[in-house]
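These are the residues of each chain, in order.
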Amino acid sequence: LGRPAEAEAATRRGVAAAQRYLELHPDDSRACYLAGGALVRLGSRAEGLALAERALGLDPDEPAVLYNLACVYALAGLPERALDCLEQAVGPLFGLRDWIVHDHDLVSLRGTPRFEAVLARLG
């Protein structure tokens, strides 16, 4: 909406809420990857990646976790790691081609051969 300061403030509030939630529910992979992605966006790359790894350790085969970790790794400048997760996420249970094509978090992967191969698998 063109209001970056407000967006950043909302992201910071979301991270704080997720961190409080994770104190009570440390095994919630969704909270881990959501907070991890937000932290990476805020510039706290190491802390965000640590939460991403935590989410992966909790649910290593869950397509939704893998997809969202692909987003976190892409945002963090780790394209190979992002593509590893994306390739594992996409399959019969996760075939949202249009979502993948338009997901802003994955923009750094667009046009790479591995990304295009993922899209080709989805038709």
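One can find the structure itself at the top, above this paragraph.
This structure is a prediction, so every number in the text was calculated from the model and none was measured.

The rules behind each value
Residues numbered from 1 in each chain as written. Predicted model: local features only at pLDDT ≥ 70, side-chain atom pairs only at ≥ 80, totals over all residues. Heavy atoms only, no water. Helix = DSSP H or I, 4+ residues; strand = E, 2+ residues; numbered from the N terminus. Rg over C-alpha atoms; globule rule 2.2 N^0.38 Å. Buried < 20%, exposed > 50% of the residue type's maximum accessible area, 1.4 Å probe, protein only. Contact = heavy atoms within 4.5 Å. Core = buried A, V, L, I, M, F, W, Y, C linked by side-chain atoms within 4.5 Å. Axes fitted to C-alpha atoms, helices over the stretch in contact; angles between N-to-C directions. Parallel < 35°, antiparallel > 145°, perpendicular 65-115°, else oblique. Nonpolar A, V, L, I, M, F, W, Y, C, P; charged D, E, K, R; others polar. Polar contact = N/O pair within 3.5 Å; in protein donor to acceptor, adjacent residues only side chain to side chain.

S.K.: Just to check I follow, could you spell out the overall build of the protein for this structure?
M.R.: When you go through the protein residue by residue, the secondary structure sums to seven helices and zero strands. Order of helices (α) and strands (β) in the protein, N terminus to C terminus: α-α-α-α-α-α-α. For the protein, the C-alpha radius of gyration of 14 Å lies close to 14 Å, the compact-globule estimate for 123 residues. In terms of overall dimensions, the protein has a C-alpha envelope of 40 × 35 × 20 Å along the principal axes. For the protein, buried positions account for 37% of its 123 residues. Of the contacts formed within the protein by residues at least 6 apart in sequence, a portion of 54% connects residues at least 24 apart.

S.K.: What exactly am I supposed to notice about the environment of Ala-5 here?
M.R.: Tracing the chain through its elements places Ala-5 in helix 1 (residues 4-24). As for Ala-5 and Leu-39, which are separated by 34 residues in sequence, their C-alpha atoms are 15 Å apart.

S.K.: How do you make sense of the nonpolar core when you look at a structure like this?
M.R.: Note on soluble globular proteins: their nonpolar side chains tend to be buried together. The biggest cluster of nonpolar side chains holds 37 residues, and the ones touching the most others in it are Leu-69, Tyr-73, Leu-86, Ile-100, Leu-106 and Phe-115. Looking at this core, the elements with two or more residues in it are helix 1, helix 2 (29-41), helix 3 (45-58), helix 4 (63-75), helix 5 (79-89) and helix 7 (113-121). Among all residues touching Leu-106, those that are not within four sequence positions of it are Tyr-67, Ala-70, Cys-71, Ala-74, Ile-100 and Phe-115.

S.K.: How should I be thinking about the environment of Leu-106 in this particular structure?
M.R.: Structurally, Leu-106 can be placed in the loop between helix 6 (97-102) and helix 7. Note on Leu-106: relative accessible area 0%, which makes it buried. Taking the C-alpha atoms as reference points, Leu-106 and Leu-75, 31 residues apart in sequence, are found 7.4 Å from one another.

S.K.: Hey, could you run me through the packing of helix 5 against helix 7 in this one?
M.R.: Packed helices, taken two at a time, are described by the angle their axes make and the gap between the axes. Across the interface, helix 5 lies against helix 7 with an axial gap of 10 Å and an inter-helix angle of 10 degrees. Between helix 5 and helix 7, the interaxial angle falls into the category roughly parallel. Along its contact with helix 5, which presents Glu-80, Leu-83, Asp-84, Leu-86 and Glu-87, the element helix 7 presents Arg-114, Phe-115, Val-118 and Arg-121. Among the residues forming the contact of helix 5 with helix 7, the class breakdown is four nonpolar, no polar and five charged.

S.K.: Sorry, what's going on with the side chain of Asp-105 here?
M.R.: Structurally, Asp-105 can be placed in the loop between helix 6 and helix 7. Note on Asp-105: relative accessible area 17%, which makes it buried. In this structure the side chain of Asp-105 is engaged in a polar contact, spanning 2.8 Å, whose partner is the side chain of Arg-41. Beyond its immediate stretch of four places on either side in the chain, Asp-105 contacts Arg-41, Cys-71, Ala-74 and Leu-75.

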